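# Summary of structural features
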Amino acid sequence: MKCIVHYSNEMQYSSHPYMHLQADLNPKMRSILIDWLVDIHHKFKLGSMTLWLTVNIIDRYLKATDIHRSQLQLVGITALLISGKFEESQPPEVNNCVKISDDAYKREQVLEMETKILKELNYDVWVPTVYTFLTRYLNAIRASELVRHLASYYAERNLQEYDLL
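Please read all numbers here as calculations on a predicted model, not as lab measurements.

On to the overall build of the protein, then. A count of helices and strands for the protein gives eight helices and zero strands. A compact globule built from 165 residues should have a C-alpha radius of gyration of about 15 Å, and the protein, at 15 Å, falls within 12% of that. With respect to the three principal axes, the spread of C-alpha positions in the protein is 45 × 35 × 30 Å. Per-residue burial for the protein yields a buried fraction of 45% across its 165 residues. Sequence-distant contacts in the protein: of pairs separated by 6 or more residues, those separated by 24 or more amount to 78%. Total accessible area on the protein stands at roughly 9500 Å², and carbon and sulfur atoms take up 52% of it. In the protein, 18 side chains carry a positive charge and 20 a negative one; their mean positions are 3 Å apart.

What follows concerns the environment of Ala23. Looking at the element boundaries, Ala23 is found in the loop between α1 (7-13) and α2 (27-43). Judged by relative accessible area, Ala23 falls into the exposed class, the value being 71%. Sequence spacing of Ala23 and Arg69 is 46 residues, and the spatial spacing of their C-alpha atoms is 9.2 Å.

A few words now on a nonpolar patch on the surface. Together, Leu146, Leu150, Tyr153 and Tyr154 line one region of the surface with nonpolar side chains, adding up to about 460 Å² of accessible area. Looking at the element boundaries, Tyr154 is found in helix α8 (residues 145-158).

For the rest of this paragraph, the subject is the pattern of salt bridges. Per the counting criterion, the structure on display carries five salt bridges. Salt-bridge contacts for Arg69 lead to Asp24; the nearest nitrogen and oxygen are separated by 3.2 Å. Placement of Arg69 in the loop between α3 (48-64) and α4 (72-87) and of Asp24 in the loop between α1 and α2 is noted, with a sequence separation of 45 residues between them. In this structure, Glu161 and Arg157 form a salt bridge, with 3.4 Å as the shortest nitrogen-oxygen distance.

To continue, consider the packing of α4 against helix α6 (residues 107-120). Put simply, α4 and α6 touch, their axes get as near as 9 Å, and they point 70° apart. As judged from the angle between their axes, α4 and α6 are roughly perpendicular. Between α4, through Leu74, Val75, Thr78, Ala79, Leu81, Ile82 and Lys85, and α6, the contact on the second element is made entirely by Gln109, Val110, Met113, Glu114, Ile117 and Leu118. Of the residues that constitute the contact of α4 with α6, the class distribution is nine nonpolar, two polar and two charged.

Rules used in this analysis
- Residues numbered from 1 in each chain as written.
- Predicted model: local features only at pLDDT ≥ 70, side-chain atom pairs only at ≥ 80, totals over all residues.
- Heavy atoms only, no water.
- Helix = DSSP H or I, 4+ residues; strand = E, 2+ residues; numbered from the N terminus.
- Rg over C-alpha atoms; globule rule 2.2 N^0.38 Å.
- Buried < 20%, exposed > 50% of the residue type's maximum accessible area, 1.4 Å probe, protein only.
- Contact = heavy atoms within 4.5 Å.
- Areas by Shrake-Rupley, 256 points an atom, 1.4 Å probe, with all protein chains shown as cover.
- Lys, Arg positive; Asp, Glu negative; His and termini not counted.
- Charge placed at Lys NZ, Arg CZ, Asp CG, Glu CD.
- Patch = residues over 30% accessible without salt bridge, like charges linked within 9 Å, V, L, I, M, F, W, Y side chains within 5 Å.
- Salt bridge = Lys/Arg side-chain N within 4 Å of Asp/Glu carboxyl O.
- Axes fitted to C-alpha atoms, helices over the stretch in contact; angles between N-to-C directions.
- Parallel < 35°, antiparallel > 145°, perpendicular 65-115°, else oblique.
- Nonpolar A, V, L, I, M, F, W, Y, C, P; charged D, E, K, R; others polar.

Keep in mind these numbers describe shape, not what the thing actually does.
Next up, the structure:
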């Protein structure tokens, strides 16, 4: 099953600056979270779309909900869990998400956060991301492997840059 991409959806589901809405967070904290999630993404051997969808879920949720800094990692690992369920044939399990966050949260907290995120996003999870469009453009120009790797590297590197929302 593929995500149907419509350019009209791009603005609706793309991330926009929101830190001014967060009382206890700042862009540096987001950057650290995304950097950690990139490592977790590689450790779990997840696909690229899972990472992009995870960051999209985080940003859309944080734009809509003010959270305390102690909950930021919980939001991140839960977003990874959610996106994995949509993108992976073998998604991460809740217990693995708890373990990878050094047992900072309980299984019930992850499941409760999953419910909160899904409700806040109106269960609108499977959305187009920058990666969706990047892949489409690279296929359209029949990009070489080198160009694909470089484009993916630069795009992924910019994921943690809040100023590039």
